[in-house]
Amino acid sequence: RASPNIPSSVPTAKAYALVLAVALAASVTALLNGFVYDDVTAIVEKPLVHDLDSLPRAVASPYYPPTRFHDRLYRPLTSASFAVDWAVGGGRPFVFHAVNVALHLSVTALVLALAGGVLGPGAVVAALWFAVHPVPVEVVANVVGRAELLAAAAYLAAVMAYVAEGRAARARPRGLERAALAVVALGGAAAAFGAKEHALSLPAALLAADGWVA
């Protein structure tokens, strides 16, 4: 049922290379950062993310140590990623920041892919704007910005899988592709919810995607 006047295109490899190169250039200096501000509370002063043996307790516990904050934020996927980074790098900030930069590149690539189905050739401009926009600076530069990066990657993956599943339903109602895409959409939603609570806006985004296609 997609309207024929909606521009749609698949970004080329050159488009991805350009956008990712710009995103890397804009964020690579974050690799030299240490732990600052909430990084100290959520990572350095949280022993549960210093040992993979404590991972089950880490994902069942509040995001911030209850001895420091009285809120009950729950971000199990983000906490688990911190534990893995600590195990890999022995607590060195470089590993944490390298993962953040890699996630920023992943999110930028997903923005380009999603924009290709909405803006057509203008998708490259949109993705470049996203790659260098000042708004993502804090989420890349601070390790605790991992929550936003994980949520954004999973959120975008869920939206794209949801739209693709609707397209597959029109073309092949009984195909296995629909089931696979539904699993990706549900898995993306679960991961986004486990990364940061603002991902709970995802159902509204899916309704908006339906409205756009219709």
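Caption draft 1: Region of the structure containing unusual backbone geometry. The backbone of Y37 shows a phi angle near 50°, a positive value even though the residue is not glycine. Looking at the element boundaries, Y37 is found in the loop between α1 (13–27) and α2 (38–44). Under the relative-accessibility criterion, Y37 is labelled exposed at 70%.

Caption draft 2: Here's a closer look at helix α9 (residues 176–195). With 20 residues, α9 should cover 28 Å at 1.5 Å per step; its first-to-last C-alpha distance of 29 Å lies within 8% of that length. Burial in α9 covers these residues: L181, A185, G188, A189, A192, G194 and A195.

Caption draft 3: Representation of the packing of helix α5 (residues 93–119) against helix α8 (residues 146–171) in the model. Relative to each other, α5 and α8 sit at 25°, their axes nearing to 9 Å. By the angle class used here, α5 and α8 are roughly parallel. Here α5 runs over α8; the crossing is left-handed. Where α5 abuts α8, its residues F96, V99, N100, L103, H104, V107, L110, V111, A113 and L114 lie against R146, L149, L150, A152, A153, L156, A157, V159 and M160. In the contact of α5 with α8, the residues fall into 16 nonpolar, two polar and one charged.

Each value, and the rule that gives it
- Residues numbered from 1 in each chain as written.
- Predicted model: local features only at pLDDT ≥ 70, side-chain atom pairs only at ≥ 80, totals over all residues.
- Heavy atoms only, no water.
- Helix = DSSP H or I, 4+ residues; strand = E, 2+ residues; numbered from the N terminus.
- Buried < 20%, exposed > 50% of the residue type's maximum accessible area, 1.4 Å probe, protein only.
- Expected span 1.5 Å × (residues − 1).
- Axes fitted to C-alpha atoms, helices over the stretch in contact; angles between N-to-C directions.
- Parallel < 35°, antiparallel > 145°, perpendicular 65-115°, else oblique.
- Left-handed = near helix turned anticlockwise from the far one by under 90°.
- Contact = heavy atoms within 4.5 Å.
- Nonpolar A, V, L, I, M, F, W, Y, C, P; charged D, E, K, R; others polar.

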